[in-house]
Amino acid sequence: MLVPAAKELEQNRGIKARELMLPIAHVTTLAGSVTMIGTSSNLLIAGIAAPAGIDMRMLSYAPVALPVAVIGAVVVYLTAPLMLSGQGR
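Analysis parameters
Residues numbered from 1 in each chain as written. Predicted model: local features only at pLDDT ≥ 70, side-chain atom pairs only at ≥ 80, totals over all residues. Heavy atoms only, no water. Helix = DSSP H or I, 4+ residues; strand = E, 2+ residues; numbered from the N terminus. Rg over C-alpha atoms; globule rule 2.2 N^0.38 Å. Contact = heavy atoms within 4.5 Å. Areas by Shrake-Rupley, 256 points an atom, 1.4 Å probe, with all protein chains shown as cover. Lys, Arg positive; Asp, Glu negative; His and termini not counted. Charge placed at Lys NZ, Arg CZ, Asp CG, Glu CD. Core = buried A, V, L, I, M, F, W, Y, C linked by side-chain atoms within 4.5 Å. Buried < 20%, exposed > 50% of the residue type's maximum accessible area, 1.4 Å probe, protein only. Axes fitted to C-alpha atoms, helices over the stretch in contact; angles between N-to-C directions. Nonpolar A, V, L, I, M, F, W, Y, C, P; charged D, E, K, R; others polar.

Please give an account of the overall build of the protein chain that cites residues and values.
Of the regular secondary structure elements, the protein chain holds 4 helices and 0 strands. Ordered by position in the sequence, the α and β elements of the protein chain form the string α-α-α-α. The C-alpha radius of gyration computed for the protein chain amounts to 17 Å, which surpasses the reference 12 Å derived for 89 residues by more than 25%, pointing to a less compact arrangement than a globule. Principal-axis analysis of the C-alpha atoms gives the protein chain an extent of 55 × 30 × 15 Å. In the protein chain, the share of contacts with a sequence separation of at least 24, taken over all contacts with a separation of at least 6, comes to 44%. As displayed, the protein chain has an accessible area near 6,700 Å², and 68% of this comes from carbon and sulfur atoms. In the protein chain, 6 side chains carry a positive charge and 4 a negative one; their mean positions are 6 Å apart.

And the structure:
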């Protein structure tokens, strides 16, 4: 969904599309882990837990996944410019 916006930024402001798309992809993966339907692995865990009588709700993963997603987003924000510019070597 963000490809047209990234291409427009690349054309108008000279910001490379890959410098936007890769960090956004990583942050959305982290954010998706907060809900049950956000990642396939969360659905798999809920499917395994159900026969054992463990009740999994939509935000059962949030107490652990939300802090991890926030910290991960900060790490991506701080390291992405350095890693994508190729100056980290």
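Got a sec to walk through the nonpolar core? Specific residues and values, please.
Grouped together as the largest cluster of nonpolar side chains are 7 residues: Val-34, Met-36, Ala-46, Tyr-61, Ala-62, Ala-65 and Ala-69. Those residues within four positions of Ala-65 in sequence are excluded, and the remaining contacts are Ser-33 and Val-34.

Break down the packing of helix H1 (residues 3-13) against helix H2 (residues 17-32) for me, citing the residues and quoting the values.
Across the interface, H1 lies against H2 with an axial gap of 8 Å and an inter-helix angle of 145 degrees. Taking contact as the criterion, the partners of Val-3, Ala-6, Leu-9 and Glu-10 in H1 are, on H2, Ala-17, Leu-20 and Met-21. A breakdown of the residues in the contact of H1 with H2 according to their chemical character gives 6 nonpolar, no polar and 1 charged.

Could you give an account of the environment of Val-3, naming the residues involved and the relevant values?
Along the chain, Val-3 turns up in helix H1. Taking the C-alpha atoms as reference points, Val-3 and Leu-20, 17 residues apart in sequence, are found 9.4 Å from one another.

How would you explain the side chain of Asn-42 if you had to name every residue and give the values?
As for its placement among the helices and strands, Asn-42 is situated in helix H3 (residues 40-49). Accessibility expressed as a relative area gives 6% for Asn-42, which makes it buried. Look past the residues within four positions of Asn-42 in its chain and what remains in contact with it is Gly-32, Ser-33, Thr-35, Met-36 and Tyr-61.

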